[in-house]
Amino acid sequence: MDRLTTHTAGTLFGLHGEPAHERIVVASDAASGLQAVIAVYSTALGPAFGGCRYWQYASDYEAYHDALRLSQGMAFKNALAGLPFGGGKAVILRCPESLDRTELFKAFGRLVHSLNGIYITAEDVGTTSDDMRAVQSETSWVSGIPRADEAYGGNPSPRTAYGVFVGLKAAVQVALGRDTLDGVSVAVQGLGSVGWDLCERLHQAGAQLIVADIDAGRTTRARELFGAQVADVGRIAGVHADVFAPCALGGSITETVAAQCHFKVIAGGANNQLLSLDNGDTLQRRGIFYAPDFLVNAGGIISCVREYLGATDAQAVLDEVALIGPRVLELADRVRVTGVAPGRAAVAWAQEKMAAV
Ligand code: NAI
C-alpha cells in the first residue's frame, strides 16, 4: 500500500495542510462483513468519480488515509483530464476469503446508493468487473462493466496503459529530445494489468525493458516475450535506465530514491508515486522529469466516465486518452516558465480548473 508519513497523513476530516474533504463515510455491515471508507474530496466539477480499492491494510488508520489521499488524487486527475466530475475514492478492507464476495460488494453497492449520487464507483486495485456487477445490482452509480449491447465499457486497464504509454512518450520527448522510444531503456515496476500492457506497447515501440514484480512468473514471461532484463523487487528503483515506470502501488519515489536514482524520466501508472511533493522538488533539482501520475494514468477514468455517460465509439475514447500526450507537453511548458516542479505545477493547474467553476 502507499506508505504514509506524518506530513502526508491527516486528521479525521482531511489531509494536513489541505482543504477538508467534502464528505467522508466510514461504514460497516455486519451481515456481509463489509468495512469500507468512501472519501469525497471535491464535487466542484461534478459528482465525485473514482474507483474502489479492495486491499489488506496494516491498520484501519492506513485504509482511512489511503482513501483520503486517493480521493484527492482523483479530483486532480478528473480536473486535468477535462472530465465533468469531481474526485472521490472508496476503500474496502479486505475480508477473509471465506466471506461471500458477491454479498460484500452488494453491501458496498447499497452504501454507494445511500450517498444519492455524490459518488460514482468503479474498479481499482483488487476489484474486478464481476465485483462491479454485484455493485450494479444495488445502484446505478457504478461503471467499469462490460456491456451486452454495442455500447462501450468494461475493464479500464488497457486504456490506462495506453494513456501511460502516450504520456511516457511525451515525457521522453521533453527530457531526452527524442520522438521515438526505439532504444530507450525503461524500468517497469509491477507487471499487473497496467504494467504488462505497458510493457507490450514499449516492446513494440523498440524500448529496452528492465522489469520487477513480486510474482516471479510474470517477470519470467516478460524475459521470454520481451527480452526484458529482470531486476530484484527491492532494486528496481536503483537500476540505470532512461525511464522509470512505477506500475505497482504508490509511494515508490521516496526521498532516497529521488536523491539517488539514475533515471531521466519518471512516468508510470501507479497512483501516488511521490511520497510527498518535496520528493518531486528533489527530482526537479536533479534534472529528472517527473510526469505526475494523476496526469498520465487518467486513461482508466476517462474510459469509465465515457462508459457511464453512454459512449458507443471506442476509438473516440482512445482519441480522448491520447490527449494525455499534449497535456504532458503543456505541463512541461508551465514548468519551464515557472520553475515549479511538475508535481506541484500539475496540482496548481488542477486547482485552477476546480476553482474556475
Ligand atoms: P494489478 O494489481 O493488476 O498489478 C499490480 C502488479 O504489481 C502486480 O503484478 C503485483 O504483483 C505487482 N507488485 C505489487 N507489489 C510490488 C512490488 N513491491 N514490486 C514490484 N511489483 C509489485 O494493478 P493495476 O490495475 O495494474 O494497477 C497498478 C497501479 O496503477 C495501481 O497503483 C493502480 O492504483 C494504478 N492505476 C490503475 C488503473 C487501472 O485502470 N487498472 C487506473 C489508474 C491507476
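Look up: the structure comes first, before these words.
These lines cover the structure that appears in this document, whether it is placed above or below. Treat the numbers as computed from the prediction; the structure is a model and nothing was measured.

1. Let's talk about the sheet that holds strand β9 (residues 229-230)
Adjacent strands of a sheet pair through backbone hydrogen bonds, lying either parallel or antiparallel. Spatial strand order, β9-β8-β7-β10-β11-β12: six strands in an open sheet with parallel pairing. Each end of this open sheet is capped by a strand with a single partner; those strands are β9 and β12 (289-290). Together, β8 (208-212) and β9 form the strand contacts of helix α6 (residues 216-226), whose direction differs from that of β8 by roughly 170°.

2. What about the site of the ligand?
Near the ligand there are 25 residues, and of these Thr160, Asp213, Arg218, Ala248 and Asn271 occur at the shortest range. Within the side chain of Asp213, one N or O atom sits 2.6 Å away from an oxygen atom of the ligand. Between the ligand and Asn271 there is a distance of 2.9 Å, counted from an oxygen atom to a side-chain nitrogen or oxygen. Considering the ligand on its own, with 830 Å² of exposed area, one finds that the protein chains cover 81% of that surface. The pocket occupied by the ligand, as judged from atoms lying within 2 Å of grid points, is the largest pocket. Taken together, the elements giving at least two residues each to the shell around the ligand come down to α4 (157-176) and α5 (193-204). Of the residues in the shell around the ligand, the class split is eleven nonpolar, nine polar and five charged. When residues are assigned to domains, the shell around the ligand turns out to be shared by domain 1 (3-136) and domain 2 (157-297 + 325-345), each giving three or more.

3. Observations concerning the packing of helix α1 (residues 60-80) against helix α13 (residues 342-355)
With their axes 9 Å apart at the nearest point, α1 and α13 run at an angle of 75° to one another. Here α13 runs roughly perpendicular to α1, going by the angle between their axes. Taking contact as the criterion, the partners of Ala75, Phe76, Ala79 and Leu80 in α1 are, on α13, Ala346, Val347, Trp349, Ala350, Gln351, Lys353 and Met354. A per-class count over the contact of α1 with α13 returns nine nonpolar, one polar and one charged.

4. Looking at empty space enclosed by the protein
In this structure the tally under the stated criterion is one cavity of 30 Å³ or more. Taken as a whole, the largest cavity spans an internal volume of roughly 50 Å³. Around the largest cavity, the lining residues are Arg69, Leu70, Gly73, Met74, Lys77, Lys89, Asn271, Asn272, Asp293 and Phe294. Contributing elements (two or more residues each) for the lining of the largest cavity: α1 and α9 (293-296). Broken down by element, the lining of the largest cavity gets its largest block of residues, five residues, from α1. Class assignment of the residues belonging to the lining of the largest cavity gives a composition of three nonpolar, three polar and four charged. Among the domains, domain 1 (3-136) and domain 2 (157-297 + 325-345) are the pair contributing at least three residues each to the lining of the largest cavity.

5. Describing the environment of Gln229
Its location among the elements puts Gln229 in strand β9. It is 40 Å that separates the C-alpha atoms of Gln229 and Ala48, two residues lying 181 residues apart in sequence. Once residues within four sequence positions are removed from consideration, Gln229 is found in contact with Leu209, Ile210 and Val211.

6. Quick word on the layout of surface pockets
Each pocket or cavity is described by its volume, and for the largest pocket that value is around 1,300 Å³. Around the largest pocket, the lining comprises 50 residues; the ones closest to its centre are Val125, Cys247, Ala248, Leu249 and Ala270. Contributing elements (two or more residues each) for the lining of the largest pocket: β4 (52-55), α1, α4, α5, α7 (255-260) and α10 (299-308). When residues of the lining of the largest pocket are assigned to their parent elements, the largest contribution, three residues, is made by α10. For the lining of the largest pocket, the per-class residue count stands at 20 nonpolar, 21 polar and nine charged. Here the lining of the largest pocket spans two domains, since at least three of its residues come from each of domain 1 (3-136) and domain 2 (157-297 + 325-345). One number sums up the size of the second largest pocket: a volume of about 520 Å³. What lines the second largest pocket is a set of 23 residues, and nearest its centre among them are Glu18, Arg69, Gln72, Ser276 and Leu277.

7. Notes on the pairing of strand β7 (residues 185-189)
Counting buried positions along β7 gives five out of five residues, so the element sits mostly inside the fold. Judged by which residues are buried, β7 turns out to be covered on both faces: Ser185, Ala187 and Gln189 on one side and Val186 and Val188 on the other are all buried. Pairing between β7 and β8: five bridges, direction parallel. Note on β8: the bridge partner recorded for Gln189 is Ala212. The handedness of the β7 to β8 crossover, carried by α5, is right-handed. Summarising the sheet, β7 and strand β10 (residues 243-246) pair through four bridges and their orientation is parallel. Across the sheet, Ala187 pairs through a bridge with Phe244, a residue of β10.

8. Considerations on the packing of aromatic side chains
If you walk through the whole model with that rule in mind, you get eight aromatic pairs. Ring centres of Phe76 and Phe294 lie 5.6 Å apart, and the angle between their planes is 55°; on these two criteria the pair is classed as tilted. Separated by 218 residues along the polypeptide, Phe76 in helix α1 and Phe294 in helix α9 bring together distant segments of the chain. For Phe294, a relative accessible area of 9% gives the class buried.

Parameters at a glance
- Residues numbered from 1 in each chain as written.
- Predicted model: local features only at pLDDT ≥ 70, side-chain atom pairs only at ≥ 80, totals over all residues.
- Heavy atoms only, no water.
- Pairing = 2+ DSSP bridges.
- Helix = DSSP H or I, 4+ residues; strand = E, 2+ residues; numbered from the N terminus.
- Contact = heavy atoms within 4.5 Å.
- Axes fitted to C-alpha atoms, helices over the stretch in contact; angles between N-to-C directions.
- Near = heavy atom within 4 Å.
- Polar contact = N/O pair within 3.5 Å; in protein donor to acceptor, adjacent residues only side chain to side chain.
- Areas by Shrake-Rupley, 256 points an atom, 1.4 Å probe, with all protein chains shown as cover.
- 1 Å grid on protein atoms, 1.4 Å probe; cavity = no way out; pocket = protein on both sides within 12 Å on 5 of 7 lines; lining within 4 Å.
- Sits in = over half its atoms within 2 Å of the grid points.
- Nonpolar A, V, L, I, M, F, W, Y, C, P; charged D, E, K, R; others polar.
- Domains from an automatic or database assignment.
- Parallel < 35°, antiparallel > 145°, perpendicular 65-115°, else oblique.
- Points joined across faces, edges and corners; volume = space filled by probe spheres on them.
- Buried < 20%, exposed > 50% of the residue type's maximum accessible area, 1.4 Å probe, protein only.
- Right-handed = clockwise from strand over helix to strand, strands pointing away.
- Phe/Tyr/Trp six-rings, centres within 6.5 Å; stacked < 30°, edge-to-face > 60°.

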